[in-house]
Structures are given as structure tokens and as C-alpha cells.
4 protein chains.
Amino acid sequence: MKKIGVFPLFEKPEAARVARKLIHLLAQAGFQVVMEEESAARLDAAELGCRKEDLPAQLDYGVVLGGDGALLSLARRLYPWEIPIFGINLGHLGFLTEVEDKELESAVEKLRRGEFVVENRIMVNAEVTSAGKQRACLVGLNDIVISKGLFSRMLRLELLIDGFFTGMLAADGLIVATPTGSTAYSLSAGGPIVSPQLSALVLTPICAHSLFNRPLVVDSNAVIEIKFTAPPHEVLLTADGQECLGLEAEDGIKIYTAPHRTKFIRFKEKSFYHILREKVKEGKL
Amino acid sequence: MKKIGVFPLFEKPEAARVARKLIHLLAQAGFQVVMEEESAARLDAAELGCRKEDLPAQLDYGVVLGGDGALLSLARRLYPWEIPIFGINLGHLGFLTEVEDKELESAVEKLRRGEFVVENRIMVNAEVTSAGKQRACLVGLNDIVISKGLFSRMLRLELLIDGFFTGMLAADGLIVATPTGSTAYSLSAGGPIVSPQLSALVLTPICAHSLFNRPLVVDSNAVIEIKFTAPPHEVLLTADGQECLGLEAEDGIKIYTAPHRTKFIRFKEKSFYHILREKVKEGKL
Amino acid sequence: MKKIGVFPLFEKPEAARVARKLIHLLAQAGFQVVMEEESAARLDAAELGCRKEDLPAQLDYGVVLGGDGALLSLARRLYPWEIPIFGINLGHLGFLTEVEDKELESAVEKLRRGEFVVENRIMVNAEVTSAGKQRACLVGLNDIVISKGLFSRMLRLELLIDGFFTGMLAADGLIVATPTGSTAYSLSAGGPIVSPQLSALVLTPICAHSLFNRPLVVDSNAVIEIKFTAPPHEVLLTADGQECLGLEAEDGIKIYTAPHRTKFIRFKEKSFYHILREKVKEGKL
Amino acid sequence: MKKIGVFPLFEKPEAARVARKLIHLLAQAGFQVVMEEESAARLDAAELGCRKEDLPAQLDYGVVLGGDGALLSLARRLYPWEIPIFGINLGHLGFLTEVEDKELESAVEKLRRGEFVVENRIMVNAEVTSAGKQRACLVGLNDIVISKGLFSRMLRLELLIDGFFTGMLAADGLIVATPTGSTAYSLSAGGPIVSPQLSALVLTPICAHSLFNRPLVVDSNAVIEIKFTAPPHEVLLTADGQECLGLEAEDGIKIYTAPHRTKFIRFKEKSFYHILREKVKEGKL
């Protein structure tokens, strides 16, 4: 019996209703549903609850009810186990979420029959070291961003790729995006769109004042090292725009493709290029 | 006897030495030198001191010792009196400062003989109103910037120009730059270079997520109104990157060319296009 | 009795039908309609015909039936006489044409009553000199473009503005656009949008290989001089994408605001910013 | 005995002198030098000559004397045999050529000892079909470009990637660049820099008029199909800016990574990022 974790984003008004419907459909289809204790309690289904920290290791699949943001968050949490996940969209069409509310039944049925493909998406890691010791590590499905605070002057960074000094960057910040993140913040800052089938990282400067102001696409094996050349004041490292960490002048930052990948369940033959076109039409890109 | 205000930026190591030399040269040339009391005291020249608030109204000229930043700051302070000012550069070549340390004597001599031209530079005003009442007003020689804080999601703005709804902007921020500021932050954000002879304002979005992501150049008579369409969280209004003000969701912002201009004294026939070329060569643009 | 020139673009299928209707309405409203002999003949209205070269000098107004392209063409022809013109749109909504087919009657009535405003639009001149002698002159309402042929290597240009050497440009070409043209080809090449109320020219490089690759907005008094620094091979000077001229290596090119302006009749209070927003919505910008 | 093909670009003034020196050094080092008959004749070394068409199949290595352009040309010619090649630079530092004139001896010595690495660079193929039949095929090391002629209106293209309709493009042209070509024409048109270690193609529109104007980076397995939606007039397909072909309205174009790669001999441990930095410093990027 396959175990599936259900993760509703209760901030969305319909989350509880759709979650109940989904749980019912999954049970009927022969899945064992598990949830975080707190979520289970909110749905009056304490019997499905499980300790948060014990949850990932036992899952066969994960499903989030929410938007792209909720899926990003679940991806960061589950990716070390490489559990196939998908999202049920409670908002407007996302790049990442796969299933609309009205398609719940067919999605559950396809899941039961194994009628889906699994799409691998690389993640990006940022390791922060101070005096030679790692003091923090962030992971992002979309991107890792180094950015200055509102009152700070521009950042001055030294950029090394695979140990080679690549240049100085004077900018408001630097985005290191995965292909998944190339249609998010990196795009706003002038970065290219990168097909998710490509194993690559995109380095996109934010408001660069220096000559070296072009986006740079590197192999997913590349190791990117960043040092501050002027004492930074109020600098942040952010993952997916959701998690962040304050940086100090002496911090060294190493950014590279994470060892594990997020696995997206895809029920529809809807290519990245198709979604791209839809987004362009809607004026979202 | 012409009165000249001397404004040294004491943070620069050479400021005191150059200020003493300049004061001596100006006195010899028949100028009456006045300073802020505090500055006069630091140079052991209390007799030149004058109360800060009484200073502008009596000046014929103003001279700042520092860099472009110090000149920006003096310009914002003196512009309502339209006092001709210039800068003596204590750092590297600036776009705005005119005179190098070694040219002090010839500059003072040219000032005495009236051998200079006065270049007008427009300033930009930002008026913030809350519940119909003006609650703050900023002025910039370079730019007025609306920007989101580090932890905020992108801003959603409604933009009206001359009362016409021009569009929605979803972005990290919006720069309204003068021609003077077109080579500063606006350029980093993708804005065009604008000749200082042109009376115009440049609207440059910062990392726009929306379709309308192009810089827009408007007549200096244009009145730009900005409203927030989503409750902003930690939004700042900044003038010249030096003064700032926190904004609230209900604030209305009106941005327009200021009624007075900054007057730059130019001793050299060195056109904007010449400086532009030098800057490009140095890799600063 | 006011004389109005009617200029149908017969390539458009509806041109003849709409022209007949318009002529009828204008006559009823007390206007004297005149046309080029050839056009008059095509409408079986030889009595309205006039010799092409005698036409402009006698007109009070001009009206074109076609699209933005036809209006561009008429503007270049009539601008030395500063005759107020407008366009009746036979295609999809343009930036320039003012009146839809179904609004013919009300437009003619407004014209009769003088219920319209006249909007001035600057034009741009390009003078080509060879061995000190002017050998050709083009005019554009949108833009003057210098561009290389398909088989040529990139152009190397020396750019002087107001006599000051501004820089070298290595590029596929250079666009000098009016505010009217800022939403046309210049925009595709990365130029800013410029309000038509602003008297300015925009210099936008096409695929610049050099450092100096930013659009530059100059005062409408600026004189732009261009020299080739490498013998060009197959280089063209084009006005509004409609008229063109081959250039030689020794040619000097001088570009500046034309002494006369095009006058657009505007019946509707529909600001530039309003049209801009419509265009963005349609995905045309 | 290893056979090495020597290909001097006789347009360069020093080509003959350097070629003689190189041939001498290669012979001393125990290589068998072969050349095209015509080149051999120009160097009075007819004994080294070989029929042009028989040459590639017998080579162990190839060396070009010229600039990046000459190396591009040799790469297109030899790549089906995957013969390791390098360039001796007769002009200014290139991105591709490896050896300066003064380093000839050490380069030959390293070649003899096998002290070099071989760097693979993907090539891009363009297949043109008319009425279902292939009528031409071009290959590029840098890029394949579809572009309109000087007098043509913009191109309207339909773009399919891997069979998925990706969008319409209204533009002056489209560049499909390899990582090698990402620092060439694609960069001028606004494309990102792509590390040569990455197997990817970059699609960069030239002066796009449409919404979809962003560079797109796709996997090297991607198949890009292009159809014209409006009858094109004077449209060209160009490879590396050196070879070209006129296109017709009914032509279908298929662009994909070539089955063979160019192999660059690298004597120095000089990474792509190092060259990138040098180029930025020189103001070439």
C-alpha cells in the first residue's frame, strides 16, 4: 500500500475543503494518506497524523494543495528523499503546480494506475562558511539570491567559477537560478529562459553597475564562489524568496547544484514550451 | 564683495588641508568666505562660521570639497536659492565634480574673473500624501526611488501620468531620474542615458515582472502619480540614495520636476558627451 | 471654404468605398475636397483632381485613408507646409491613425466645428554629404536608420554630438528616432519609450558589439554627426523604413531635428499614455 | 608518424612567414606536414600538397594560421572527422585561437609530447527542406542565423521546439548559437554568455517586436523547427556569419546540435572564465 503525504496550505480558503475531498479519493483508490499532526488535527482526522520529522522518510509520494509557493516549500523539504511530488492548484495557473481542483479524480486515478511521468528538477545549494567553518546551508528549487538591504550601497563581489577568478561584480545583488527558477526572479532581472531539461545554473546580476553585467549560464557541475571585497552592510542570502540568512563581511559563499533532485509528477503531456506560450499570452512573461 | 560658502566633507582625509588652501586662495581673490559654524571650528577659523540655517540665503556661490555624493547633498540643500555651486573632487573623477585638487588656483582665478558658464540641472520632487494631506516631501538631483524591502514581495503599483492611467507595474521598485541621474542608478536598472540639456524625467522599473517593463522618458512638465494596489510591506522612498522615508499602503505619491534648478558652475568646456566617453573608457558605464 | 486633401491608400481593399463616403461627407460639411489626379481618376471624380506637385501648397487639412504606414508617408510629404493631418484607419488600431471607419461622420462634423486639437510631432532630417557637398537628404517622422547589409560585417561608426566626439560604435546599425518613432523600431532594439510632448531624439544602437551600447536621449537641438571608420560595404540610410539610400565609405551623415513639424489633428482626448496602455494590453509592446 | 594539416590564411600578411617557420618546426619534431595543393604551391613546398578533398580523412591534427574567423572556417570543414585542431593567432587575442606567434616552438613541443587537453565544442546544424525534401544543410561552430534583408519588413516566424509550438516571433531575425557562439553575435543581440562545458543551444531574437523577446537556452538534444507565417522577402540563413543561403517562403528549417563535435587542442590551462575576464577588461564584451 503506497503512502502519500498530503500537505494543505491552510492560508488558502479552499484548502480544507479540497483536502478532505482529496483524502477521500486517495483512500478509495487504495492509498494510505499521512499528514503532519497539526494538519490532520485541523481536518479532524487525527488518525492520519504523523510527527513532522518522521514523515518524509516513509512517503512514496507527496501532494501539496496551494500554489507555486507552497510547492517550492515542499520541494525544499522533501528533496533529500527524492520523493515524487505534485501540486494541486488553489490559485491561478502556476508554472509548477500540475492539477486543478476539478481534475482531482482523474489525477488520483492516474496516480493509482501509474499513468504519469516523473520530471527531475535540479536544486541549488548555498553553503556559507565563516573562518573556514560551514555555518549555514540553504537550498532552493528556484534560486539562491544575494542581495543588499535597502539602505546599503551596492555590493562588490568577487566571483570565482570552478576556482577561476571570473570577475568583479558591482551590483544590487546576484541571482543563481536553476532552470526552474529561470522564469521567476532571474527573468525580471534580465536573465534568459532555460529549459528544465538542461542541467545548468544561471547567474543573473541585479542592477549591475559594472561592465560585467551579462547573465552567465554554467554547467550544473560548476562551483560558484563569492567573496565580498568591500565590507557589506546588511546583506542577505535568500532561497526561493522564502528562506533567508544575514551575511557578514568575512563570509565565504559557495553555490552549486544540490546532490539530490526534486521529482515532479506530471500527469499531462504538457511541455515546458507549451506552458511558456500560455504564460506569454497571459502577459505573465 | 561676493560671498562664497565652503562645504568640506571632513570624512575625506584631505578635506581639511584642501579646505585651508582653498579658503586662503578665495580670500586673496577678494571673496568673503563663509562656512557652517561646525566646519569653521574644525578648521580653527571660527570667524568664518555662520549659523547653518542662515547660510544659504546670503551666498553668491557654494563650493563643496568631496565627491559626487557631497555635491548631490549640497545641491539638495541649496537649490531653492538657485545658488551656483561647484565641487572640488577629493576622490576619483566624478560626473558632477568639476575641479581637481591641483587646479584650485586656476579655478579661483576663473571664478574671480567670471570666466565660467552656469549649467542648469533640473531636480525631482516627491510629495507623499496621506488621507489627502501632504506628510512629507523629498527632493533629488539624481533620482527618487520607490523600492521594496529585502523581505517584501514585489511591489504592485498603479501609475498615472498627467492624470492618465498608464499601467500597472509589478516590480522591485521604480526609479524616477533626472537627466543628471540617468547615468547613475537608472542606468544600472536598464534606463537610457539622457543629455542634461534635456528637460525630462526617466521612469525606469527595477526588475519588472510585468509586461510594461520599458523605461519611459517624459517631459519635465509631467506629473507622475503612484498608488499601491496591494498593501505594501516595508517600502521606501529614497532621494539620491541619501535620504529616505518609509511608506504606508494608503500613501499617495506625486513626483514632478522641482520648481527650482541646481546651477552648476563649469570652468571647462568639457561636454557631457566627453565625460561620457571617458567613463565608458574607464569601464564605469 | 476650407480645402482638404484626401489621400486613399488603394492597396487596402476598403479604401475606395470609404474614400467615396468621406468625400461625400466632407462636401456636405462645406469642405472643398482635392485629390491627386490619379486618385481622383480611380474614384471617377476627375473634377477633384489636382497636379501632385501643386497639391500641398493649397491645403488647409490632409486626411489619409490607410494605416500608420500611410500616415507616415503623408507626414513626410506634407510637413514642410505644416498642414494639419489625420488618418482614417483601415486596418487594426494604430499609434498614429485617429479615426475608425464607423466614426467618419462625427469626425467630419468635429472638423467642421473646429472641435479638435493639433498635436505637434517633430521630424528628423538626415543630410548626406560627400566631399563637402550635400548629395541627399531624407526626412522621417519615426526614425532615420543606418544599417548594414546582410552580408556585411558590423559597422564601425564614429559618433559626434554637437561637435563632441562621443564614442565609437561597433554595431549592426544605429537608429535615430523621434518620440513618435520611440514605440516603433527603436523599441525593438532596446530603446526607451519617449513621450511625444518631449522634444528629443533617441539614439539606439542595433546589436552593439561595443561597450557603448546604451540608448542615448538628446535634446532636439542636438546635431548628430556620423563617420565610418572602416570602409563600409553595403550600408543603407532609411527613413521610416520606407525610403532609403545607399551610403559610401566617404559619406558624412548629419542628423538633426527638422525645421518643420508634423501637425496631427486629434479629435479625441486620448492621451499617449492611454494608447500605450492599450498597446501593452494587446501585447503589441 | 602523425600527420598534421597546416592551413594558413594567406590574407594575413605574416601568414606565409609564420607558416614556413611552423612547417620547419613540425618537421623537426617528427610530424608529417600536409597542406592543400594550392597552399603548398604558395609556399614553394609542392611536396606537402594534397588534394583538398582527400585531406581531412588522413589527418591526426589540424592547425590554422589566422584569427578566430579562420578557425571557425576550418572547424566547419574538419568537424565530421573530429580531428583535434588549434589556431595560431596572427591578429589580436581571440576567444578561440590558442597560440601566439612567439609561442610556436613551445606549442610544437607540447604537441609532440602530447601535453595538451582536447576540448569538445558542439556544432549546430540547419537543415532546409522544401516540399518535404532536404535542399540544403549548413553547419556552424558559433551560430546559425535567420535574418531579413535590408529592405524587408520584419520576419514572422512560428517556432516549435521538440514538436511543441512555442510561440510566434516577430523580429529582424533569430540566432541559434552554441556556447562557443554565445560570446559572439548572440551577445550583441542580448543573449547570455554560456559556458562551453554546457551542451546547450541559445535562441536569441534579433530586435523582437513581439512579446516573446527573451533569449531561450535549450538542451543540446532539442530540435528547433521554424516556419514562416508571412511570405518572407529576402531572408537569409547564415552559418558563423561566413556561409549563407537564401530562403523561400515555403522552406521549413530544422536546427539541432550536429552529430559531431569540434575538438580544440588546448596547451594552456586557461579557463573560459579567465578569457572572459580578459575580454571584459579589454572592453570587448
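Predicted, not measured: the structure shown is a model, and the values here were computed from it.

Undergrad: Any details on the overall build of chain A? Residues and values, ideally.
TA: In terms of helices and strands, chain A carries seven helices and 19 strands. The principal-axis extent of the C-alpha atoms belonging to chain A is close to 60 × 40 × 35 Å. Counting across all 285 residues of chain A, residues that qualify as buried make up 61%. The contacts of chain A with a sequence gap of at least 6 include a subset with a gap of at least 24, amounting to 68%. For chain A, the exposed area adds up to about 11300 Å²; of that, 49% sits on carbon and sulfur atoms.

Undergrad: Got a sec to walk through the domain arrangement of chain A? Specific residues and values, please.
TA: Residues and elements named next belong to chain A. For chain A, the domain assignment lists domain 1 (3-116 + 267-282) and domain 2 (123-259). Between the C-alpha centres of domain 1 and domain 2 the distance comes to 30 Å. Across the contact, twelve residues belong to domain 1 and 18 residues belong to domain 2. Regarding the contact of domain 1 and domain 2, the summed buried area is about 1200 Å², with carbon and sulfur atoms giving 67% of it. Joining domain 1 to domain 2, the criterion identifies two salt bridges. Of the charged contacts in the structure, one is a salt bridge between D240 and R76, with a shortest N-O distance of 2.8 Å. For the interface between domain 1 and domain 2, the tally reads four residue pairs in polar contact (both at pLDDT 80 or more).

Undergrad: Mind laying out unusual backbone geometry, listing which residues take part and the relevant values?
TA: Positive phi, close to 50 degrees, is recorded for E82(C), a residue that is not glycine. The topology assignment puts E82(C) in the loop between α4 (68-78) and β5 (84-89). A positive phi angle is found at D44(D), which is not glycine, with a value near 55 degrees. Position of D44(D) relative to the elements: it lies in the loop between α2 (37-42) and β3 (49-50). Residue D44(D) is classed as exposed on the basis of its relative accessible area of 66%.

Undergrad: If you had to explain the packing of aromatic side chains to someone new, which residues and values would you point to?
TA: Residues and elements named next belong to chain A. Summed over all chains, the structure comprises 20 aromatic pairs over all chains. Centroid distance F116 to F267: 6.2 Å. Interplanar angle 80 degrees. Geometry classified as edge-to-face. Of this pair, F116 sits in the loop between α5 (104-113) and β7 (117-130) while F267 sits in the loop between β19 (252-266) and α7 (272-282), placing them 151 residues apart in sequence. Of the two residues, F116 and F267, neither departs from the other in class, the shared state being buried. Of the aromatic side chains, those joined through ring pairs into one cluster are F31, Y61, F86, F116 and F267.

Undergrad: Any details on helix α7 (residues 272-281) of chain C? Residues and values, ideally.
TA: Counted residue by residue, α7(C) has seven buried out of ten residues, so it is predominantly covered. Regarding α7(C), the residues found buried are F272(C), Y273(C), I275(C), L276(C), R277(C), K279(C) and V280(C). Looking at the buried side of α7(C), the elements it contacts are β10 (155-161), β11 (164-171) and β15 (216-219) of chain B together with β13 (193-194) of chain C.

Undergrad: Run through the relation of the copies chain D and chain A, naming residues and quoting values.
TA: Once chain D has been moved 0.0 Å along the axis and rotated by 180 degrees, it coincides with chain A to within an RMSD of 0.1 Å. Taken together, the rotation and translation relating the two chain copies correspond to the operation of a two-fold axis. Taking C-alpha positions as the reference, the residue of chain D nearest the rotation axis is P192(D), at 3.3 Å. Interface overlap between copies is the fraction of interface residues in one copy that are interface residues in the other; for chain D against chain A it reaches 100%, indicating a shared surface.

Undergrad: How would you summarise the packing of helix α1 (residues 15-28) of chain C against helix α5 (residues 104-113) of chain C if you had to cite specific residues and measurements?
TA: All names here are of chain C. Where α1 meets α5, the axes come as close as 10 Å, and the angle between the chain directions of the two elements is 35 degrees. Regarding α1 and α5, the two cross each other, and that crossing is right-handed. Where α1 approaches α5, its residues V18, K21, L22, L25 and L26 are matched on the opposing element by L104, E105, V108 and L111. Classifying every residue of the contact of α1 with α5 by side-chain character gives seven nonpolar, no polar and two charged.

Undergrad: Talk me through the environment of Y273(C); I want residue IDs and the actual numbers.
TA: Examined against the element boundaries, Y273(C) turns out to sit in helix α7. Owing to a relative accessible area of 3%, Y273(C) belongs among the buried residues under this scheme. With 78 residues separating them along the chain, Y273(C) and S195(C) place their C-alpha atoms 8.2 Å apart. If we ignore the near neighbours within four places in the chain, the residues touching Y273(C) are I161(B), D162(B), F164(B), F165(B), T166(B), L216(B), V218(B) and S195(C).

Undergrad: Break down the UniProt feature "active site" (unreviewed entry) in chain A for me, citing the residues and quoting the values.
TA: The UniProt record marks D68(A) with the feature "active site" (unreviewed entry), using the residue numbering of this structure. Structurally, the position occupied by D68(A) is in helix α4 (residues 68-78).

Undergrad: Which residues make up the sheet that holds strand β12 (residues 173-177) of chain D, and what values go with them?
TA: Sheet architecture is open: seven strands sit in the order β13(A)-β15(D)-β14(D)-β12(D)-β9(D)-β17(D)-β18(D), paired in mixed fashion. In the strand order of this sheet, the two ends are held by β13 (193-194) of chain A together with β18 (243-247) of chain D, each with one partner. By the bridge criterion, five bridges tie strand β9 (residues 143-148) of chain D to strand β17 (residues 235-239) of chain D in an arrangement that is antiparallel. Along β17(D), the bridge assignment pairs V145(D) with T238(D).

Undergrad: I'd like to hear about the interface of chain D and chain A, residue by residue, with values.
TA: Every contact between the two is made by 32 residues of chain D and, on the other side, 32 residues of chain A. Where chain D packs against chain A, one counts zero salt bridges. Top element by residues in the side of chain D that touches chain A is helix α7 (residues 272-281) of chain D. It accounts for five residues. Across the side of chain D that touches chain A, the residue classes tally to 19 nonpolar, eight polar and five charged.

Undergrad: Please set out the pairing of strand β1 (residues 3-8) of chain C residue by residue, giving values where relevant.
TA: Residues and elements named next belong to chain C. For β1, the tally of buried residues reaches six of six residues, placing the bulk of the element in the interior. Across the two faces of β1 the burial is the same, with K3, G5 and F7 and I4, V6 and P8 all buried. Two elements, β1 and strand β2 (residues 32-36), share three bridges in a ladder whose sense is parallel. Within the sheet, the bridge partner assigned to K3 lies in β2 and is Q32.

Undergrad: Lay out the pattern of salt bridges in plain terms, naming residues and giving numbers.
TA: Residue and element names in this part refer to chain D. Summed over all chains, the structure comprises 48 salt bridges over all chains. The partner of R112 in a salt bridge is E109, and the shortest N-O contact between them spans 2.7 Å. Here the residue R112 and the residue E109 both occupy positions in helix α5 (residues 104-113), the gap between them amounting to three residues, near one helical turn. With relative accessibility at 45%, the residue R112 sits in the partly exposed group. In this structure, the salt-bridge partner of D251 is R135, at a minimum N-O distance of 2.7 Å. Placement of the pair is D251 in the loop between β18 and β19 (252-266) and R135 in strand β8 (residues 133-140), with a sequence separation of 116 residues.

Undergrad: Could you give an account of the sheet that holds strand β14 (residues 200-206) of chain C, naming the residues involved and the relevant values?
TA: Spatially, the seven strands line up as an open sheet ordered β13(B)-β15(C)-β14(C)-β12(C)-β9(C)-β17(C)-β18(C), and their pairing is mixed. On the outer flanks of this sheet lie β13 (193-194) of chain B together with β18 (243-247) of chain C, each paired with one strand and no other. Pairing geometry for strand β17 (residues 235-239) of chain C and β18(C), over five bridges, is antiparallel. Bridge assignment links L237(C) to a residue of β18(C), and that residue is L245(C). Of the strands in this sheet, β13 of chain B together with β15 (216-219) of chain C touch helix α7 (residues 272-281) of chain B, which is tilted by about 165 degrees from β15(C).

Undergrad: Summarise the environment of I144(B); cite the residues concerned and give the values.
TA: Here I144(B) lies in strand β9 (residues 143-148). For the pair I144(B) and C244(B), spaced 100 residues apart in the sequence, the C-alpha separation amounts to 9.3 Å.

Undergrad: Any chance you could break down the environment of L111(A) for me, citing the residues and the numbers?
TA: All names here are of chain A. Looking at the element boundaries, L111 is found in helix α5. A residue is classified by how much of its surface remains accessible, and L111, at 2% relative accessible area, is buried. Note: C-alpha distance between L111 and G69 (42 residues apart in sequence) is 23 Å. When near neighbours in sequence (up to four residues on either side) are disregarded, L111 contacts I4, L26, F31, Y61, F86, F116, I265 and F267.

Undergrad: Give me the side chain of T262(B): which residues, what numbers.
TA: Along the chain, T262(B) falls in strand β19 (residues 252-266). Ignoring any residue separated from it by four or fewer positions in sequence, one finds T262(B) in contact with A75(B), Y79(B), I85(B), E119(B), N120(B), R121(B), M123(B) and L141(B).

Cut-offs and rules
- Residues numbered from 1 in each chain as written.
- Chains lettered and ligands numbered in written order.
- Predicted model: local features only at pLDDT ≥ 70, side-chain atom pairs only at ≥ 80, totals over all residues.
- Heavy atoms only, no water.
- Helix = DSSP H or I, 4+ residues; strand = E, 2+ residues; numbered from the N terminus.
- Buried < 20%, exposed > 50% of the residue type's maximum accessible area, 1.4 Å probe, protein only.
- Contact = heavy atoms within 4.5 Å.
- Areas by Shrake-Rupley, 256 points an atom, 1.4 Å probe, with all protein chains shown as cover.
- Domains from an automatic or database assignment.
- Buried area = accessible area lost by both parts, 1.4 Å probe.
- Salt bridge = Lys/Arg side-chain N within 4 Å of Asp/Glu carboxyl O.
- Polar contact = N/O pair within 3.5 Å; in protein donor to acceptor, adjacent residues only side chain to side chain.
- Phe/Tyr/Trp six-rings, centres within 6.5 Å; stacked < 30°, edge-to-face > 60°.
- Least-squares fit on C-alpha atoms with pLDDT ≥ 70 in both.
- Axes fitted to C-alpha atoms, helices over the stretch in contact; angles between N-to-C directions.
- Left-handed = near helix turned anticlockwise from the far one by under 90°.
- Nonpolar A, V, L, I, M, F, W, Y, C, P; charged D, E, K, R; others polar.
- UniProt positions renumbered as here; feature names shortened; annotations may be inferred.
- Pairing = 2+ DSSP bridges.

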